[in-house]
Each structure stands twice: as structure tokens, then as C-alpha cells.
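Spelled out, the chains give:
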Amino acid sequence: MQVQDIMTQQVLTVRPETTVREVAEILVSHKISGVPVVDADNKLVGIVSEGDLMSKEILPEPPDALCILGAVIYYNGLREFRDAFQHMAANTADALMTKKVVTVKADADVSDVARIMRDKHIKRVPVLDDDGHLIGIVSRQDIVKMLL
């Protein structure tokens with residue numbers, strides 16, 4: 001079976017400038033756990049999940065090497081701290097969203113998508129056309145419905 005046979009085609013989306021509060025309201029009111037972020041051309045630019053929203057409430061823990069005699073030392077180990085701080089301070093979907101999103105095409109095999117979702121611990125995968133436009137989304141629930 002292919003993704004196009006089970007995907008949700010009427011996908012709720014938000015724009016990069018959508019406020020974090022509006023994103024939260026959409027997730028809660030529609031009982032979904034994530035929403036794709038698209039630009040004016042309906043091209044996927046990211047995704048905001050419940051996990052992204054939860055990260056706003058977690059105070060980042062500075063690494064021990066952050067302050068030495070009052071000086072800030074930058075290296076790759078500080079990237080997580082910086083990202084956590086940016087999430088905490090985010091006011092818009094653009095600032096909060098996950099930018100590296102796993103996507104699939106409509107003709108992908110559902111079993112391959114299920115394996116990707118399991119291995120990467122993700123709950124939803126946007127479906128894109130050849131030009132990068134969002135045409136659907138596959139969630140864990142869509143795959144589970146196949147068993148009925």
C-alpha cells in the first residue's frame with residue numbers, strides 16, 4: 001500500500017509568523033500532536049510538535065564550560081544550550097519549529113514510512129510533491145487504521 005492511500009489530505013498548517021499561543025490552540029482544539037509550517041507557496045519550512053511546545057517550559061541547563069572567569073566560550077557543545085534557550089524564548093512558529101523534517105512522497109510504501117517513524121521516534125510525516133509542496137500528512141494513527 002502507498003502513502004497516498006492512507007494520508008490525510010486536508011492538513012492543518014500554520015505560517016512561520018503564527019504565534020506560539022495560536023499553534024498551541026490549534027493543537028489542543030483539533031486534538032493533534034503537531035502541525036506543519038508552510039510558507040506563502042505552501043512549501044514546507046518546518047513542523048511544530050507538542051515536544052517543541054513543551055521545550056518552552058524547560059529551563060536550559062548551561063554546560064559547565066559556559067562561563068570561565070566571566071568569559072563565554074563558544075564551541076559545538078554549547079549548541080544544545082543555545083537551541084534550548086531559543087526555544088524557551090520563542091514567540092512564533094518560525095522560532096520554535098523543527099526545521100529538519102523527515103518527509104516522504106505520495107508513492108512511498110507505507111511499510112517503509114512506518115519503519116522510518118519507528119526508527120526515528122516521530123509521530124507524523126509530511127507528504128510532499130516533487131516541488132516541495134505539502135500535499136498530505138501520515139500519522140501513526142493513519143497507519144494503525146490500516147489494521148481495521
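Structure shown above.
Undergrad: What is the right way to read the overall build of the chain from this model?
TA: When helices and strands are tallied, the chain shows seven helices and six strands. Accessible surface for the chain amounts to roughly 9500 Å². Of this, 54% is attributable to carbon and sulfur atoms.

Undergrad: Honestly, unusual backbone geometry in this entry has me stumped. Any pointers?
TA: Trans is the common state for peptide bonds, and a negative phi is the common state for residues other than glycine. The phi angle at Lys31 is positive, at roughly 55 degrees, despite the residue not being glycine. The exposure class assigned to Lys31 is exposed, which follows from its relative accessible area of 75%. One non-glycine residue with positive phi stands out, namely Asn42, at about 65 degrees. Of note, Asn42 is situated in the loop between strand S1 (34–38) and strand S2 (44–49).

Undergrad: So what exactly am I meant to see when it comes to the nonpolar core here?
TA: When a protein is soluble and globular, its nonpolar side chains tend to lie buried together. Counting 13 residues, the largest nonpolar core has Val3, Val104, Val113, Val127, Val138 and Ile143 as the members making the most contacts within it. Secondary structure elements with two or more residues in this core: helix H1 (3–6), helix H6 (110–120) and strand S5 (124–128). With three residues, H6 is the single largest residue contributor to this core. When near neighbours in sequence (up to four residues on either side) are disregarded, Val138 contacts Val3, Ile6, Met7, Val113, Met117, Lys123, Arg124, Val125, Val127 and Ile143. Of all hydrophobic cores here, the second largest spans 11 residues; its members include Val20, Leu27, Val37 and Met97.

Undergrad: In this structure, what is going on with the environment of Gln10? I would like to understand it.
TA: Its location among the elements puts Gln10 in the loop between H1 and helix H2 (20–30). Residues Gln10 and Ile137 lie 127 residues apart in sequence; the distance between their C-alpha atoms is 8.5 Å.

Undergrad: Any chance you could explain the pattern of salt bridges here in plain terms?
TA: Side chains carrying opposite charge are able to pair once their charged atoms draw close together. Using the criterion set out here, one finds four salt bridges in the structure. With a closest N to O distance of 3.8 Å, Lys105 and Asp130 form a salt bridge. Here Asp130 lies in the loop between S5 and strand S6 (134–139) and Lys105 lies in the loop between helix H5 (93–96) and H6, a separation of 25 residues in the sequence. Accessibility expressed as a relative area gives 35% for Lys105, which makes it partly exposed. The class of Asp130 is exposed, set by a relative accessible area of 72%. Residue Arg115 pairs with Asp112 through a salt bridge whose shortest N-O separation is 3.3 Å. On the criterion of helical spacing, the pair formed by Arg115 and Asp112 is a turn pair, its members being three residues apart in helix H6. Owing to a relative accessible area of 42%, Arg115 belongs among the partly exposed residues under this scheme. A residue is classified by how much of its surface remains accessible, and Asp112, at 39% relative accessible area, is partly exposed.

Rules used in this analysis
Every chain begins its residue count from 1, and numbering advances along the sequence as written. The predicted nature of this model means local features are confined to residues of pLDDT at least 70 and side-chain atom pairs, given and counted, to a pLDDT of 80 or more, with totals for whole chains, interfaces and linings taken over all residues. Excluded from the side-chain calculation are hydrogens and water; included are all heavy atoms of the structure. Helix and strand assignments come from DSSP, with helices taken as H or I runs of at least 4 residues and strands as E runs of at least 2, each series counted from the N terminus. Each accessible area is a Shrake-Rupley estimate made with a 1.4 Å probe; only the visible protein chains count as cover when residues are assessed. Classification of residues uses two cut-offs on accessible area relative to the type maximum, computed with a 1.4 Å probe and protein chains only: under 20% is buried, over 50% is exposed, and between them is partly exposed. For this analysis, a nonpolar core means a set of buried residues of the types Ala, Val, Leu, Ile, Met, Phe, Trp, Tyr and Cys, connected via side-chain atoms within 4.5 Å. Note on contacts: a residue pair qualifies if any of its non-hydrogen atoms lie within 4.5 Å across the two residues. In what follows, salt bridge is the name for a side-chain nitrogen of Lys or Arg lying within 4 Å of a carboxyl oxygen of Asp or Glu.

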